[in-house]
Amino acid sequence: MKTLDSIPTGKIERASKLVKTGVKIGGNYAKYLGKKLVNPEMDKNELNESNAEDIYDGLKSLKGSALKVAQMLSMEKNILPKAYVDKFSLSQFSVPPLSAPLVRKTFKKYLGKYPEELFDTFEKDSINAASIGQVHKATKNGIQLAVKIQYPGVAQSISSDLSLVKPIAIRMFNLKGKDSDKYFKEVENKLIEETNYFLEIEQSISITESCSVIKNLEFPKYYEELSSERIITMDWMSGQHLSEFTNRDFDEQVGNKLGQTLWDFYMFQIHGLKKVHADPHPGNFLVSENHTLIAIDFGCIKEVPNEFYVPYFELAQKHNIENDTVFMEKLYELEILTETDTPEEIKFFKALFKEMLTLLTSPFHEDNFDFGADDFWDKIADLSERYSNDSQIRKMNGNRGSKHFLYMNRTFFGLYNLLHDLKAKIEVNSYKQYIS
């Protein structure tokens, strides 16, 4: 794979790259419309593939927040066309890496020495490269290590990247007024945290120590003396990426075992620690030879404040969804409904969230739940399809819900997708054995 000797870091330089991408997309639409005139039966698959290719090619050289947004979108399997999901999912652990000279320069700047001076061996070619950093294999004192290096300029370009993305997001999600700023600020704050490797090491050590009680779950050890604000050194963990594992045939019992571990890991964090690993994409998990689950990245941790946690999980209870008075009370507490809503908006969003919550909280209404069941996923796909094509929703103010929904919903959608890929049947309350 071609390596990068530099990454655009200036706002004008990065904006120029996105404008060029936009021009390509415009050309794709023109070609599509021309072909559509000749063949009216033609569908949008070819257009989607061309656009996904051009958007990904534009973002992968920028790295950072722009590519992280693509990574987040790749998890939305029921919202984006398949071409986008397939292409954007490459951003999880397969993008052009930094060149060896740029890697050496980064080490010298942030640890005061070149990698060959710090480690007994250091592989100059990265093992994988994602949106914010890339990983190299190294050894020291007989221990195999993974060394994660952050791309230059990523932390400094977060705000400018989001300002470029913001107008597109406002149109896509029909956000209105200054209230939408809270959502963009939440994303910006989380991305800033993800580029703070000192914070990531602190979070990694804290969560791995707390979650060490969970069966069939492994974590790397972190080496603070070989880490800095832009470099993290940890144990090298051997295994298959979860996406590679689920793309092959696997035993049903193994899928259930891994799924149960994943479910217990997330429920223990949310209910026991009131904070959660809010980036559940397959690039952050490995499956070992012994079919244990390995969690390898803790850059994105979401604190769950009590004022959000209580009403959020009260609405996960079936009897509260069915009790109209309680249901309406919780919708206001969670900022899904506001005092300025019109009667039309109240009626519309009450019906929408009742249907949505009834479906998405259904795993919590059972002792056991089968995430591999087609019925559950068909209903989610149908709901997404209906509301994404609903002309009425475009007329409504899209500022719905507390800012905490962003990463909590992302966590649950990501978790559900991983459990579906594993075809896992899980015991819903198993995690409670770990909470004292």
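The shown structure was predicted, so the numbers you read here are calculated from the model rather than taken from an experiment. (Residues numbered from 1 in each chain as written. Predicted model: local features only at pLDDT ≥ 70, side-chain atom pairs only at ≥ 80, totals over all residues. Heavy atoms only, no water.)

This part is about helix α11 (residues 252-273). Between its first and last C-alpha, α11 extends 30 Å over 22 residues, near the 32 Å set by a 1.5 Å rise per residue. Where burial is concerned, most of α11 is hidden: 17 out of the 22 residues are buried. At the exit of α11 stands lysine 274, carrying a positive phi of roughly 60°. (Helix = DSSP H or I, 4+ residues; strand = E, 2+ residues; numbered from the N terminus. Expected span 1.5 Å × (residues − 1). Buried < 20%, exposed > 50% of the residue type's maximum accessible area, 1.4 Å probe, protein only.)

Grouped together as the largest cluster of nonpolar side chains are 88 residues, with contacts concentrated most on Phe107, Phe119, Leu262, Trp263, Phe265, Phe285 and Met408. Apart from residues no more than four positions distant in its own chain, methionine 408 is found in contact with Ile270, Val276, Val304, Phe308, Tyr312 and Phe313. By size, the runner-up hydrophobic cluster in this structure holds 7 residues, among which are Ile158, Leu162, Val187 and Leu191. (Core = buried A, V, L, I, M, F, W, Y, C linked by side-chain atoms within 4.5 Å. Contact = heavy atoms within 4.5 Å.)

On to the packing of aromatic side chains, then. Per the stated rule, a full pass over the model turns up 30 aromatic pairs. Summarising the aromatic geometry, the rings of phenylalanine 119 and phenylalanine 122 are spaced 5.9 Å apart at their centres and angled 20° between planes, so their arrangement reads as stacked. Just as phenylalanine 119 is buried, phenylalanine 122 falls in that class too. Relative to phenylalanine 265, the ring of phenylalanine 219 lies with its centre 6.0 Å away and its plane at 55°, an arrangement referred to as tilted. Of the two residues, phenylalanine 219 is situated in the loop between β5 (217-218) and β6 (231-235) and phenylalanine 265 in helix α11; the sequence distance between them amounts to 46 residues. With a relative accessible area of 16%, phenylalanine 219 lands in the buried category. Lying over the aromatic face of tyrosine 114, lysine 108 brings its terminal NZ or CZ to 5.1 Å of the ring centre. (Phe/Tyr/Trp six-rings, centres within 6.5 Å; stacked < 30°, edge-to-face > 60°. Lys NZ or Arg CZ within 6 Å of the ring centre and 35° of its normal.)

Running from N to C, helix α14 (residues 324-333) and helix α15 (residues 343-360) point in directions that differ by 100°, and their axes come no closer than 11 Å. Overall, the two elements α14 and α15 adopt an arrangement that is roughly perpendicular. Two secondary-structure elements touch here, α14 through Asp324, Phe327, Met328, Leu331 and Tyr332 and α15 through Ile346, Lys350, Phe353, Lys354 and Leu357. Residues belonging to the contact of α14 with α15 are distributed by class as follows: 7 nonpolar, no polar and 3 charged. (Axes fitted to C-alpha atoms, helices over the stretch in contact; angles between N-to-C directions. Parallel < 35°, antiparallel > 145°, perpendicular 65-115°, else oblique. Nonpolar A, V, L, I, M, F, W, Y, C, P; charged D, E, K, R; others polar.)

Looking along a regular strand, one sees the side chains alternate between the two faces of the sheet. Counting buried residues in β6 gives 5 out of 5 residues, a clear majority hidden from the surface. Pairing of strand β4 (residues 143-150) with β6 involves 5 bridges; the strand directions are antiparallel. Paired with leucine 145 across the bridge in β6 is aspartate 235. (Pairing = 2+ DSSP bridges.)

What follows covers the sheet that holds β5. Spatial ordering of the open sheet is given by β5-β10-β9-β7, a layout of 4 strands whose pairing is mixed. In this open sheet, the two strands that pair with only one neighbour each are β5 and β7 (240-241). Across 2 bridges, β7 lies against strand β9 (residues 285-287) in antiparallel orientation. Residue histidine 241 lies in a different strand from β9, and its bridge partner there is leucine 286.

This next bit is on the pattern of salt bridges. Applying the stated criterion across every chain, the model contains 18 salt bridges. A salt bridge links glutamate 116 to arginine 104; its shortest N-O distance comes to 2.5 Å. One end of the pair, glutamate 116, is in helix α6 (residues 115-118); the other, arginine 104, is in helix α5 (residues 100-111), with 12 residues separating them in the sequence. Take arginine 104: its relative accessible area is 32%, and that puts it in the partly exposed class. In this structure, glutamate 329 engages lysine 330 in a salt bridge whose closest nitrogen and oxygen atoms are separated by 3.5 Å. (Salt bridge = Lys/Arg side-chain N within 4 Å of Asp/Glu carboxyl O.)

Summarising the element assignment, threonine 246 is placed in helix α10 (residues 242-246). Those residues within four positions of threonine 246 in sequence are excluded, and the remaining contacts are Asp421 and Leu422.

Quick look at the confidence of the model for the protein now. Predicted confidence across the protein gives a mean pLDDT of 82, with 71% of residues reaching 70 or more. Summarising per-element confidence for the protein, the mean pLDDT is lowest in helix α4 (residues 82-88) (52) and highest in β5 (98). Note that residues 73-80 has pLDDT below 50 and, in this model, 22 contacts with residues that lie over four places away or in other chains. (pLDDT = per-residue confidence, 0-100.)

Among the 8 residues of β4, 6 are classified as buried, and the element is accordingly described as predominantly covered. Counted along the chain from strand β3 (residues 133-140) to the antiparallel partner β4, the turn is 2 residues long, and its residue asparagine 141 has a positive phi close to 55°.

So, on to helix α12 (residues 306-314). Of the residues making up α12, those classed as buried are Phe308, Tyr309, Pro311, Tyr312 and Phe313. Contacts made by the buried residues of α12 are with α11, α14 and α17 (405-421).

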